[in-house]
Every structure is written in structure tokens, then in C-alpha cells.
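Per-entry structural report
Listed below, chain by chain, are the residues.
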Amino acid sequence: MSLPRYDLTDLRLFMHVAEAGNLTRGAERSHLSLGAASLRIKNLEETLGTPLLRRMSQGVELTRAGETLLEHARTIQRQTERLHGDLQAYSTGLKGRVRIFANTTAITEILPAALGAYLVHHPMVDVDLEERLSPEIARAVADGVVDIGILAGNVPAEGLEMIPYQRDRLVLATPLGHALASFGEIAFAQAIAENFVLLHAGSAIHGFAEQIASDMGTSLSIRIRVSGFEAMCRMIEAGVGVGLIPETVARRLSKSHDIALVSLSDDWATRELKICLRDRNDLPVFARDLVDFLIRHNAETPSSA
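Residues numbered from 1 in each chain as written. Predicted model: local features only at pLDDT ≥ 70, side-chain atom pairs only at ≥ 80, totals over all residues. Heavy atoms only, no water.

1. Some remarks on the overall build of the protein
For clarity, the cut-off: Helix and strand definitions here come from DSSP, where helices need a minimum of 4 consecutive H or I residues and strands a minimum of 2 consecutive E residues; each element is numbered from the N-terminal end. Every residue pair with non-hydrogen atoms within 4.5 Å of one another is taken to be in contact. Methods summary: accessible areas were calculated by the Shrake-Rupley approach with a probe of 1.4 Å, and residue burial reflects only the protein chains presented. A residue counts as positive if it is Lys or Arg and as negative if it is Asp or Glu; His and the chain ends are not included. By convention, the charge on Lys lies at NZ, on Arg at CZ, on Asp at CG and on Glu at CD.
Each helix and strand in the protein was counted, giving 10 helices and 12 strands. Along the longest, intermediate and shortest principal axes, the C-alpha atoms of the protein span 75 × 50 × 35 Å. When contacts within the protein are restricted to residue pairs at least 6 apart in sequence, long-range pairs at least 24 apart make up 72% of them. Accessible surface, the protein as shown: approximately 15700 Å² in total, 50% of it carbon and sulfur. If you average the places of the 31 positive and of the 38 negative side-chain charges in the protein, the two averages end up 4 Å apart.

2. Some thoughts on the pattern of salt bridges
Opposite charge on two side chains makes pairing possible when the charged atoms of those side chains draw close. What counts here: What counts as a salt bridge is simple: a side-chain nitrogen of Lys or Arg found within 4 Å of a carboxyl oxygen of Asp or Glu. Buried residues are those whose accessible area, probed at 1.4 Å on protein chains only, stays under 20% of the maximum for their type, while exposed residues exceed 50% and partly exposed ones sit between those limits.
For the structure shown, the criterion picks out 18 salt bridges. When the shortest N-O distance is used, the salt bridge between E45 and R55 registers 3.0 Å. Separated by 10 residues along the polypeptide, E45 in helix α3 (residues 34-48) and R55 in strand β1 (residues 53-56) bring together distant segments of the chain. For E161, the salt bridge identified is with R280, shortest N-O distance 3.7 Å. In this pair, E161 sits in strand β6 (residues 161-175) while R280 sits in the loop between β12 (270-277) and α10 (285-300), placing the two residues 119 residues apart along the sequence. Under the relative-accessibility criterion, R280 is labelled partly exposed at 24%. Here the residues in one salt-bridge network are D7, D10 and R40, joined through shared partners.

3. Re the nonpolar core
Short version of the rule: The definition of a nonpolar core used throughout is a set of buried Ala, Val, Leu, Ile, Met, Phe, Trp, Tyr and Cys residues joined through side-chain atoms within 4.5 Å.
With 26 residues, the main nonpolar core has I148, I150 and L294 as its most contacted residues. Of all elements in the fold, only β3 (96-102), α5 (104-121), β5 (148-152), β6, β12 and α10 reach the threshold of two or more residues within this core. It is α5 that provides the largest number of residues to this core, a total of seven residues. Each residue touching I150, except ones within four places of it in the same chain, is listed here: F101, A102, N103, A106, L111, I137, Y165, L273, K274, I275 and L294. Counting 18 residues, the second-largest nonpolar core is a separate cluster that includes M15, V17, A37 and L69.

4. Looking at helix α8 (residues 229-237)
Our working definition: Taken from the helix axis, the directions to the C-beta atoms give the arc we talk about.
Taken together, the buried positions of α8 are occupied by F229, M232, C233 and I236. All buried residues of α8 lie within an arc of 95° about the axis, which places them on one face of the element. Backbone geometry just downstream of α8 places G239 in the positive-phi region, at approximately 90°.

5. Points about the environment of T270
The cut-off we apply is this: Polar contact criterion, stated in full: a pair of N or O atoms within 3.5 Å, where within protein one must be able to donate a hydrogen and the other to accept it, and residues adjacent in sequence count only if both atoms are side-chain atoms.
Its location among the elements puts T270 in strand β12. Of the residues examined, T270 reaches a relative accessible area of 28% and is grouped as partly exposed. Considering only alpha carbons, one finds T270 and I41, 229 residues apart in sequence, at a separation of 47 Å. Engagement of the side chain of T270 in a polar contact is seen with the side chain of R169, the distance being 2.2 Å.

Here it is in C-alpha cells:
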């Protein structure tokens, strides 16, 4: 019995559709028209003799066969990227694309300088960087959706490689003259009844703050959600509310905004940032090189805390 011939374009398209949960968005990510993408998926299903997707009005879901194909397609993608990267190192130098999921602090405060320095000296390497919650980051690394994750906290990560990276401490930012501003340190429970200014709902730090409140059996009173820490500090100094901000960010912005910083005594306020990998040896050479660079750059960069 002859084996079917698997096309890498079809496998990449299937991964994009599965990850997006939508055929149209999967086609867009693959730079294909909807008609061409639909035909490719249909031909793949006919070749395998089984449905891979369940079509619904709101999108698509994987069948059991589709879940199996997705797992193998991701393995093939990783191996193909590693093959390409390892061979490129012998000719034109490091070349490829690295996919990274990271939490709010890493994306806003740590990675801009580190990735900027790396990319300037590695013009053949591109990076896809997205912000996610730490549990989602770990799942994405485990599933092979991304090459590198940067997360914080005690996230279940059985079977994953965790490399200590940086320390992330959250502080409470208040307006000057606020009742809590005179305290050097408080428990978060003392601030839970305050009005809050938070980052947008899709940010990792927003999800983390709401989860902490939920664990305490309550919810936050959110006056406004904003797009970045600069906007947060403007709202806080205007008296709209208080906010949770990484200490390094808060100290930098407190120089240009009228805000007070109050330490939090809660254990969760201090979080260890870690680089999360499925297996460093399975990464393409350009991705392994980036991991090494991030670790080295962190060791050589003075802390701003």
C-alpha cells in the first residue's frame, strides 16, 4: 500500500486553520484565497479518506483525525525549520523565523532592547512576537505552536525546559496624596476595594490581576482599560484609580508622572520570569542562538530596578 504524498504547504495551511479556528483567517495567514485554501483542505481530506474539520457557522473544529494530523504537522514543521536553519548556517549564515509568546512585562520592558540588539546583528532572522497569559504560553510551547515562551509564576509545565531569566515584581501605583501612598508596603487586600486602571482586556497583566482578585473571592472595580503603561500612569496621576505595574516600568515612569509607588507584601507580587522551551536541542540553530543571546544579554545588562 503506497503512502500518500504530504505537501508542506497543505500542512502549514492546516495548522493555520486549526490554530485560528477559522478557515478564512487560516487562509489569510497562509497567503491563500479562501477558495484555494478550501480546495486544499478538501483534497487533503479525500487523500486521507477521513474528515479533518467540522464546519460550523462560527468557524471550524478539529475531528479526532484532525487532532492527530495537527500534532504530526507541528512536528514536521519543527523538524523542517531545524533542517533549514542547520543547513543555512553552513552557507549564508543564520536564517529563519522564530515564534515567541511572552507576558506583558517581557514584551514591554525586557524584550524590546534584547530583540533589537539581536535583530540588528542578525538580519537574516525574523521574529513573530505576541503577548499571552503565562498558562497559555506554556501550552503553546508544549504544543509546538511557538519556539520560545517567556512566562512568570508557577505555571504547570511538565516536560518543558525552564530557564531562569529575570525577576518581575508588581507594585501598586497610586496618585500622589492618595490614602495608600503613605504606606511603604501593603497587602493587596488593602487595595482591592479601590477603583483600578488596567491594561486592555487582552493583555497578560490584565488577566493576571483579575485572576488574583477572583482567587480572593471578589472582582476588581475597573474604571478604565488603556493600551499601555504610559496611559495607565496618566490616568492614575489624574486620580482615576490605582494600578498594578511592574516595578521597573513604574520607577521609570514615576520620573515623568505624579504617581506614588507602594510595595506589595503578597508572595505573588514577586514573580520569576523564565524562558520556556519544549527542548532546546530540537530548536533550529537560529532559535537556539536567540535563546543563548537572551540569556547572555540579560547577564550583561544592569538591572533597572
